[in-house]
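Observations on the three-dimensional arrangement
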Amino acid sequence: MKVVSAKICPFVQRVTALLEAKRITYEIEYISLNNKPQWFLDISPNAQVPVLVTDTGIALFESDAICEYLDEISKPIEGHISSEQRALDRAWSYMATKNYLTQCSVMRSATSETLNERLANLSQLFTKAEAVLAEGPFFKGAALSNVDIAWLPLLHRSDIICKYTTYDLLAGNPKVQAWRKALMNSDIVEKSVSDDFEKVFTNFYLSNKTYLGTKKCCVNPVKGREQKTDHYETSSC
């Protein structure tokens, strides 16, 4: 099978991370979203990535549908769970995917005011996860699950932002930060993206056109002055 991808698309990474977790062999082809080839438009009704071309040549679209298909044709990464738990896992996964574009808009904010305004909704998401996280290291405990895969793009991107700027989108949520660390220590993250992912990502989200890219949010606190933001947490980066 083949995945049609754009390099820094979080929806694509969710699919490739699941493929890696399941150890399913696949090919990947990258396209430019600014210049989509006609063959891609012919097979993608919504003109969006990811598209998964199955072994029989059928083109599947929408990451939720693709991930459900992969679960149907292969062994689940976490077995022996009840129907209720499976439904809960889907719900928590949907919560993550519905916020991929929210996080993208946060990272592309041009001003401090815009950043803080957009971050408000994203912070609520991480706070909700904080309240239900198990002892770890993963969302439900010791075993990796589909929920971890769905949240991986959010946590991976927050990790890169934190590494380059010390601005932590997860500030105030220590369990979520620990969850992020566990996922970053797995080999799935690196395998689920291109070799130049981090370079392409930082060029886009940490350019001089973004507030995070200017690193004004990350100046060291000066005695007697307020910090630029309460998301400055070097210890968690």
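Since we're looking at a predicted model, the values are computed, not measured.

Criteria and thresholds
- Residues numbered from 1 in each chain as written.
- Predicted model: local features only at pLDDT ≥ 70, side-chain atom pairs only at ≥ 80, totals over all residues.
- Heavy atoms only, no water.
- Pairing = 2+ DSSP bridges.
- Helix = DSSP H or I, 4+ residues; strand = E, 2+ residues; numbered from the N terminus.
- Right-handed = clockwise from strand over helix to strand, strands pointing away.
- pLDDT = per-residue confidence, 0-100.
- Contact = heavy atoms within 4.5 Å.
- Axes fitted to C-alpha atoms, helices over the stretch in contact; angles between N-to-C directions.
- Parallel < 35°, antiparallel > 145°, perpendicular 65-115°, else oblique.
- Left-handed = near helix turned anticlockwise from the far one by under 90°.
- Nonpolar A, V, L, I, M, F, W, Y, C, P; charged D, E, K, R; others polar.
- Phe/Tyr/Trp six-rings, centres within 6.5 Å; stacked < 30°, edge-to-face > 60°.
- Buried < 20%, exposed > 50% of the residue type's maximum accessible area, 1.4 Å probe, protein only.

Turning our eyes to something else, we now look at the pairing of strand β2 (residues 27–30). The pairing of strand β1 (residues 2–5) with β2 spans four bridges and is classified as parallel. Among the inter-strand pairings, Val3 is bridged to a residue of β2, identified as Ile28. A crossover connection joins β1 to the parallel β2 through helix α1 (residues 10–22); in handedness this β-α-β unit is right-handed.

Moving on, we get to the confidence of the model for the chain. Averaged over all residues, the pLDDT of the chain is 92; the fraction at 70 or higher stands at 92%. Throughout residues 220–237 the model reports pLDDT below 50, and contacts reaching past four residues in sequence, or to other chains, amount to 31 contacts.

What follows covers the packing of helix α6 (residues 112–132) against helix α7 (residues 146–165). The geometry of α6 relative to α7 is characterised by a closest axis approach of 13 Å and an angle of 125 degrees between their N-to-C directions. Judged on the interaxial angle alone, α7 and α6 are oblique. Handedness of the α6/α7 crossing: left-handed. Across from Leu125, Phe126 and Ala129 in α6, the residues of α7 making contact are Trp151, Leu154 and Leu155. Per-class residue counts for the contact of α6 with α7 are six nonpolar, no polar and no charged.

What follows is about the packing of aromatic side chains. Summed over all chains, the structure comprises nine aromatic pairs. With a centroid separation of 6.3 Å and 85 degrees between ring planes, the pair formed by Trp39 and Phe40 is classed as edge-to-face. Judged by its relative accessible area of 34%, Trp39 is partly exposed. On the accessibility criterion, Phe40 (0% relative accessible area) is buried.

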